[in-house]
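If you want the building blocks of each chain, they are given just below.
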Amino acid sequence: MQLQEGCLLRIFIGENDKKDRIPLYEWIVKKAKDEGIAGATVLRGIQGYGAHREMHTAKILQLSINLPIVIELIDTVEKMETFLSLLADVMETGVITQEKVTVRLVKSK
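Quick caveat, the model's predicted, so the values are computed rather than measured. (Residues numbered from 1 in each chain as written. Predicted model: local features only at pLDDT ≥ 70, side-chain atom pairs only at ≥ 80, totals over all residues. Heavy atoms only, no water.)

Engineer: How would you summarise helix 2 (residues 77-90) if you had to cite specific residues and measurements?
Structural biologist: In this model helix 2 runs 20 Å from its N-terminal to its C-terminal C-alpha over 14 residues, within 8% of the 20 Å that 1.5 Å per residue would give. Along helix 2, the residues that are buried comprise Met80, Phe83, Leu87 and Val90. Viewed end-on, helix 2 has its buried residues packed into an arc of 65°, placing them on one side of the element. Residues of helix 2 that are exposed and point more than 90 degrees away from the buried face comprise Glu78, Ala88 and Asp89. Looking at the buried positions of helix 2, the neighbouring elements they touch are strand 1 (4-14), strand 2 (18-19), helix 1 (24-34), strand 7 (68-75) and strand 8 (95-103). (Helix = DSSP H or I, 4+ residues; strand = E, 2+ residues; numbered from the N terminus. Expected span 1.5 Å × (residues − 1). Buried < 20%, exposed > 50% of the residue type's maximum accessible area, 1.4 Å probe, protein only. Arc of directions from axis to C-beta. Contact = heavy atoms within 4.5 Å.)

Written out as structure tokens, the structure reads:
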């Protein structure tokens, strides 16, 4: 396989964020699949804070119901630019980072 240039989006939201009464992370992953994005992964954080500086944690004594969620999407820069325009209309809060990456290995059955 040849090395390929790609784009990685990281979307930082809260577990309680919604779109049409479903979790926003589920909506984003489904929309990414519908749009033909190459890959998506949702990561649930155990602790974090955002713009409001409110701490969210998975510690038993301070159980939070709004843990940090990170969605990672990978594909070409062109596809990500198109997908970013969809996200702009959907996200009310959160942060999106974008970086160029080199895809070194792809294996599939």
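Picking up where we left off.
Engineer: Describe the sheet that holds strand 8, naming the residues involved and giving the relevant values.
Structural biologist: Taken in spatial order, the four strands line up as 4-7-1-8 in an open sheet, and their pairing is antiparallel. Each edge of the sheet is formed by a strand with only one pairing partner; in this case those strands are strand 4 (39-44) and strand 8. Adjacent strand axes in the sheet meet at a mean angle of 20° when their direction is disregarded. Where strand 1 meets strand 8, nine bridges bridge the pair, whose relative direction is antiparallel. Its bridge partner lying in strand 8, leucine 8 is registered against glutamate 99. Running at roughly 5° to strand 7, helix 1 makes contact with strand 1, strand 4 and strand 7 of the sheet. (Pairing = 2+ DSSP bridges. Axes fitted to C-alpha atoms, helices over the stretch in contact; angles between N-to-C directions.)

Engineer: Account for helix 1, with residues named and values stated.
Structural biologist: Within the span of helix 1, buried status applies to Leu24, Trp27, Ile28 and Ala32. Seen from one end, helix 1 has its buried residues packed into an arc of 130°, which puts them on one side. Among the exposed residues of helix 1, those oriented more than 90 degrees off its buried face are Lys30 and Lys33. Lining the buried residues of helix 1 we find strand 1, strand 2, strand 3 (22-23), strand 7 and helix 2.

Engineer: Please give an account of the layout of surface pockets that cites residues and values.
Structural biologist: Space inside the second largest pocket adds up to approximately 150 Å³. Looking at the second largest pocket, the residues that line it are Gln4, Glu5, Gly6, Ala38, Gly39, Ile74, Asp75, Thr76, Val103 and Val106. Mapped onto the lining of the second largest pocket, the elements with two or more residues apiece are strand 1 and strand 7. No other element matches strand 1, which puts three residues into the lining of the second largest pocket. A class-by-class count of the residues in the lining of the second largest pocket yields four nonpolar, four polar and two charged. (1 Å grid on protein atoms, 1.4 Å probe; cavity = no way out; pocket = protein on both sides within 12 Å on 5 of 7 lines; lining within 4 Å. Points joined across faces, edges and corners; volume = space filled by probe spheres on them. Nonpolar A, V, L, I, M, F, W, Y, C, P; charged D, E, K, R; others polar.)

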